[in-house]
2 protein chains.
Amino acid sequence: MSSNTIVIQSAEVIDLRVPTSDQLLGSDPFHKAPDYSSAVLHLETNTGLRGVSIVFTIGAGTDWICHGIRDLCQLIINTPLDEFTEAPIRLYRRLLDHHQLRWLHDGVFRMAAGAVLNALWDLWAKSVGKPLWKLLVDLDPQFIVDCIDWRNISDALTPDEALSILQRVRPNAKQRESELLQGGPKAYCTAGWLGLSDEEILTTIRKLEDKGFDAFKLKVGQDSVADVRRIRFMREAIDVDAELMVDANQYWGLDEAQRHIDRYLPFNLKWIEEPIARDDILGYIELAKRYDAEPFHLACGEHAASPVIFKQLLKSGSIGYCQIDAVRVAGVNDVMAIILMAAKFGVPVCPHGGGIALCNMIQHYAMWDQTSVSGHSDTQLVEYIDFLQDAVQNPVQVRDGRYVSPTAPGWGLEFRPDFVQEFQFPDGIAWNQRDPRTSGVRFEVPSASPSETLEQKT
Amino acid sequence: MSSNTIVIQSAEVIDLRVPTSDQLLGSDPFHKAPDYSSAVLHLETNTGLRGVSIVFTIGAGTDWICHGIRDLCQLIINTPLDEFTEAPIRLYRRLLDHHQLRWLHDGVFRMAAGAVLNALWDLWAKSVGKPLWKLLVDLDPQFIVDCIDWRNISDALTPDEALSILQRVRPNAKQRESELLQGGPKAYCTAGWLGLSDEEILTTIRKLEDKGFDAFKLKVGQDSVADVRRIRFMREAIDVDAELMVDANQYWGLDEAQRHIDRYLPFNLKWIEEPIARDDILGYIELAKRYDAEPFHLACGEHAASPVIFKQLLKSGSIGYCQIDAVRVAGVNDVMAIILMAAKFGVPVCPHGGGIALCNMIQHYAMWDQTSVSGHSDTQLVEYIDFLQDAVQNPVQVRDGRYVSPTAPGWGLEFRPDFVQEFQFPDGIAWNQRDPRTSGVRFEVPSASPSETLEQKT
């Protein structure tokens, strides 16, 4: 081990929660009052370099992820970074294929494993002074292919096909890179949170239009009469050429989804997001078939738990937009696999954003996709959240409706110390004097009534 | 609230692990050295009655489940049992649809929620002095239907269809009950754990035959030459009429699964279990089509994370055996939905067993299925594990290859205090003087090599 070898020495895990539920920002029919949160991992090294990553959550349960990350970090303490950078798949397997832990499945386990892997990728990028996207863009195609766990996905995409995809666009990488440094991936934003009034929505739209946005989303699901009214309201509020998407956050069953979607047909929607359960592959196939002649497509992925689920959604042709999330699956390695599968099946990669600081991560995936995999920026939209940007030292920026390509090393995820102090749970000043019934697991809002009952109203 | 109202006052969660890895019991290609474990929940009440349930795990990670259960229990402390027994779906929704926690998905979250629900069902059964299966058998069909979350499954089974299924067999319930009290659900056992020698396997088979077993399973996956040798060895070791099943524990990708299964065709297998990833629905459909003319069927379910996954496996006709697990999904409520869907599609319910004490739970589901849902015992096999039976005061029993129908109230899951003292992790005497590298998350065995490489050998 040479004297300048970077070694992971310790891990600090921070439970960070912001009481966004006070303003109902981020609200939808299922997630009525989210407190935008992050489980933050700091991997400390002997050199002072710090690997950072987050898992985005919405309040209660962040501690579950933190518990998992702490446990997993035992598997990498004292590991030299070189061991990771030589062949990232080895540490991926050490975590994901752990002979006992793998019993825990996707969800908390895969998210926690993703946090560890993403922090290692961050460390690597910082050690070479590059933003994450640039590290990925500069990697050899074969090296990328070797980062991927092929066991369960090679029936949809073979390693050789992945290599071809990467090699095909490689000659244009420099050109694409300089184009994206002029104006980054195109962004869109949710203006129609469930809990907001028409007036608040309108204010949001105008503010976003001033920043150059021309693609907007709203939450639907509970009540199709109110939803149609609001879709019409937003359609009329935005420019005639602007794009409008709706998001049902998995609120419907299959039959119910059809009843709702049928009423949305007049509004020229770009996509309908998560109409049904995130893993109901056969349901997605059925919906895609039913609406084959319509101009909209189905969008899904922020809750797709693994590359196996993405494989089926993509291979079957049932989704038209692939909404990767940076922290739901097992980190960069899993997302590489998903973006490559999306490229094979010609589905635009439209990453899922959120706060706290999720957008800081997804912009790198969009940059990599648009430089090195799909190799274009013609059809992708990247979600942007217009609040909580002050959490980190390098907030994401948009200009003319596009992300400003990030230049800070790694993910650019350094949290502001005063932000951490304020929002650390449960001891931060935002929380420690609060009624415990309005925070954590005990913070309940009346649970969603059965959708059957709701449907009778509509 | 009447004076004899039962109220949940506190929750104790115990991390119980047995170093079964010392003998490689329970081993398979992915789970090379499991330490059979349980997260044990004790719900204590004002009356001295205790609600008990477990989540079965295989060592490291049990603490993740324990953390989750402790958190969720905050949602039910001070709840009167009546609130649950009046309409179990309400507490189900309080947990599963929690507006922030549901972000955590299946896996750890759903398993922890299932633990809480199962302990409530246990408490209810004990409060009326019935074993769990008998409580379920005596419930009104409409009450059962109202226990189920229909949101994501009614395209496969409607509430009305479920009601019809239950009503159809209800007239025979008394008759079925007395038949099952003579001889309970038929059992099978794994004799061919991956880590055992031929001699050890033979000893296990003879011991099981003495108990009346005539259905056996072995682990396969890693090396098809060795697997075929061992399948032949077991075929020759057991009676000519005995049934033989193999279990690949999701070790293969889709193409690899076909290459392996093709070599197993001469051996008259009853089922091939988990050939591919637990949620690769399209993969299951493809395999089922390919082997449509063969006498074996695919089996799956112990890792199916939710009723949505079961729905697709059943609706598509791709699995021939439905392997429910008592603790992977969200408790009795989810399992009711799955058993009813299996009945509609004519797929035998063959529950997944394991230790510590998982078999104590699954026998109740088998009893309920064979009395009140499928209403027969002609095609089902229930997994049985022939070790760690001494963990509880009422161990499962088999006679003539059948479970002896349980009569203890509730699940019959009271752990022996000396067992808890010995195996509590990490302070029990079985663990506290052990090298920490051989326990918990730091206990690593070389991770599975990529299956691609392994396949080249075969």
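Residues numbered from 1 in each chain as written. Chains lettered and ligands numbered in written order. Predicted model: local features only at pLDDT ≥ 70, side-chain atom pairs only at ≥ 80, totals over all residues. Heavy atoms only, no water.

- The name given to chain A in an unreviewed UniProt entry is Mandelate racemase/muconate lactonizing enzyme domain-containing protein, and the organism recorded there is Rhodopirellula sallentina SM41.
- Entered under Cofactor (unreviewed entry) in the UniProt record, the comment concerning chain A runs "Mg(2+)". (UniProt positions renumbered as here; feature names shortened; annotations may be inferred.)

**Some remarks on helix 14 (residues 331–344) of chain A**
In an α-helix there are 3.6 residues to a turn, and that puts residues three or four apart on one side.
Residues and elements named next belong to chain A.
Right, on to step 1. Over its 14 residues, helix 14 runs 20 Å from end to end, which matches the ideal 20 Å to within 8%, given 1.5 Å per residue.
Right, on to step 2. Among the 14 residues in helix 14, twelve count as buried, and that is most of the element.
Right, on to step 3. Of all the positions in helix 14, only Gly 331, Val 332, Asn 333, Asp 334, Val 335, Met 336, Ala 337, Ile 338, Ile 339, Leu 340, Met 341 and Ala 342 are classed as buried.
Right, on to step 4. Gly 346 occupies a position one or two residues after helix 14 and carries a positive phi of about 70°. (Helix = DSSP H or I, 4+ residues; strand = E, 2+ residues; numbered from the N terminus. Expected span 1.5 Å × (residues − 1). Buried < 20%, exposed > 50% of the residue type's maximum accessible area, 1.4 Å probe, protein only.)

**Section: the nonpolar core**
Right, on to step 1. Within the largest apolar cluster, 325 residues are counted, with the highest numbers of intra-cluster contacts made by Ile69(A), Trp121(A), Phe415(A), Ile69(B), Trp121(B) and Phe415(B).
Right, on to step 2. Contacts of Phe415(B), omitting those with residues within four sequence positions, involve Leu16(B), Val40(B), Ile54(B), Ile356(B), Ala357(B), Ala391(B), Val392(B), Gln393(B) and Val420(B). (Core = buried A, V, L, I, M, F, W, Y, C linked by side-chain atoms within 4.5 Å. Contact = heavy atoms within 4.5 Å.)

**Some points on the pairing of strand 5 (residues 215–219) of chain A**
Residue and element names in this part refer to chain A.
Right, on to step 1. Strand 5 sits mainly inside the fold: five of its five residues count as buried.
Right, on to step 2. Along strand 5, one buried face is formed by Ala 215, Lys 217 and Lys 219 and the opposite face, lined by Phe 216 and Leu 218, is buried too.
Right, on to step 3. Relative to strand 5, strand 4 (residues 187–192) runs parallel, the two sharing three bridges. Looking at strand 5, one finds that Gly 192 is bridged to Leu 218.
Right, on to step 4. Running through helix 9 (residues 198–210), the crossover from strand 4 to the neighbouring parallel element strand 5 is right-handed.
Right, on to step 5. Here strand 5 pairs with strand 6 (residues 243–247) via five bridges, running parallel. Directly across from Lys 217, in strand 6, lies its bridge partner Met 245.
Right, on to step 6. Note on the crossover from strand 5 through helix 10 (residues 224–237) to strand 6: the handedness is right-handed. (Pairing = 2+ DSSP bridges. Right-handed = clockwise from strand over helix to strand, strands pointing away.)

**What about unusual backbone geometry?**
Right, on to step 1. Note the cis peptide between Phe425(A) and Pro426(A), where omega equals 0°.
Right, on to step 2. Looking at the secondary structure, you find Pro426(A) in the loop between helix 16 (417–423) and helix 17 (451–457).
Right, on to step 3. A positive phi angle, close to 75°, is found at Asn78(B), a residue other than glycine.
Right, on to step 4. Positive phi is not limited to glycine here, since Leu388(B) has a value of about 65°.
Right, on to step 5. Here Leu388(B) shows up in the loop between strand 10 (382–384) and strand 11 (398–399).

**Looking at the interface of chain A and chain B**
Right, on to step 1. In this assembly, 81 residues from chain A lie in contact with 80 residues from chain B.
Right, on to step 2. Carbon and sulfur atoms supply 55% of the area buried between chain A and chain B, which totals about 7,100 Å² over both sides.
Right, on to step 3. Among the residues of chain A in contact with chain B, Trp64(A), Trp103(A) and Arg151(A) are the three that bury the most area, contributing 15% of the side total.
Right, on to step 4. Taken together, the connections running from chain A to chain B amount to eight salt bridges.
Right, on to step 5. Here Lys311(B) makes a salt bridge to Asp280(A), at a shortest N to O gap of 2.6 Å.
Right, on to step 6. One can count 44 residue pairs in polar contact (both at pLDDT 80 or more) joining chain A with chain B.
Right, on to step 7. Of all the elements in the fold, those that place two or more residues in the side of chain A that touches chain B are strand 3 (50–57), helix 1 (62–73), helix 3 (88–96), helix 4 (108–127), helix 11 (254–264), helix 12 (281–290), helix 13 (307–315) and helix 17 of chain A. (Buried area = accessible area lost by both parts, 1.4 Å probe. Salt bridge = Lys/Arg side-chain N within 4 Å of Asp/Glu carboxyl O. Polar contact = N/O pair within 3.5 Å; in protein donor to acceptor, adjacent residues only side chain to side chain.)

**Topic: the sheet that holds strand 2 (residues 37–45) of chain A**
Residues and elements named next belong to chain A.
Right, on to step 1. Read across the open sheet, the three strands follow the order 1-2-3; overall the sheet is antiparallel. In this open sheet, the two edge strands, each paired with only one partner strand, are strand 1 (8–17) and strand 3. Strand-to-strand twist of the sheet, defined as the mean angle between neighbouring strand axes without regard to direction, takes the value 15°.
Right, on to step 2. As judged from the nine bridges shared by strand 1 and strand 2, these two strands associate in the antiparallel manner. Within strand 2, the residue paired with Ala 11 across the bridge is Leu 43.
Right, on to step 3. The strands touched by helix 1 within the sheet are strand 1, strand 2 and strand 3, with strand 1 carrying the most contacts at an inclination of about 180°.
Right, on to step 4. Lying over the sheet, helix 4 contacts strand 1, strand 2 and strand 3, oriented at roughly 145° with respect to strand 3. (Axes fitted to C-alpha atoms, helices over the stretch in contact; angles between N-to-C directions.)

**Examining the sheet that holds strand 1 (residues 8–17) of chain B**
Residue and element names in this part refer to chain B.
Right, on to step 1. With respect to topology, three strands assemble into an open sheet ordered 1-2-3, the strand pairing being antiparallel. On the outer flanks of this sheet lie strand 1 and strand 3 (50–57), each paired with one strand and no other. For this sheet, the mean inter-axis angle between neighbouring strands, taken without regard to orientation, is 15°.
Right, on to step 2. Pairing of strand 2 (residues 37–45) with strand 3, which is carried by eight bridges, proceeds in the antiparallel orientation. Directly across from Val 40, in strand 3, lies its bridge partner Ile 54.
Right, on to step 3. Contacting strand 1, strand 2 and strand 3, helix 4 (residues 108–127) crosses the sheet at an angle of about 145° to strand 3.

**Considering the packing of helix 9 of chain A against helix 10 of chain A**
All names here are of chain A.
Right, on to step 1. Contact geometry for helix 9 and helix 10: axes closest at 11 Å, N-to-C directions at 35°. When the axes of helix 9 and helix 10 are compared, the crossing they make is right-handed. Contact residues: Asp 198, Ile 201, Leu 202, Ile 205, Arg 206 and Glu 209 in helix 9; Arg 229, Arg 230, Phe 233, Met 234 and Ala 237 in helix 10.
Right, on to step 2. A per-class count over the contact of helix 9 with helix 10 returns six nonpolar, no polar and five charged. (Left-handed = near helix turned anticlockwise from the far one by under 90°. Nonpolar A, V, L, I, M, F, W, Y, C, P; charged D, E, K, R; others polar.)

**Overview of the side chain of Asp97(A)**
Right, on to step 1. Along the chain, the position of Asp97(A) falls in the loop between helix 3 and helix 4.
Right, on to step 2. Of the side chains with opposite charge, Arg93(A) lies nearest to the buried Asp97(A), which makes no salt bridge, at 4.1 Å.
Right, on to step 3. Other than its neighbours up to four places away in sequence, Asp97(A) contacts Tyr92(A), Arg102(A), Arg151(A) and Phe30(B). (Lys, Arg positive; Asp, Glu negative; His and termini not counted.)

**Let's talk about the relation of the copies chain A and chain B**
Right, on to step 1. The two copies are related by a screw operation: chain A maps onto chain B through 180° of rotation and 0.0 Å of translation along the axis, at an RMSD of 0.0 Å. Interpreted geometrically, this transformation is the action of a two-fold axis. The position closest to the rotation axis in chain A is occupied by the C-alpha of Gly107(A), lying 2.7 Å away.
Right, on to step 2. Same-surface contact between copies: 99% of interface residues of chain A are shared with the interface of chain B. (Least-squares fit on C-alpha atoms with pLDDT ≥ 70 in both.)

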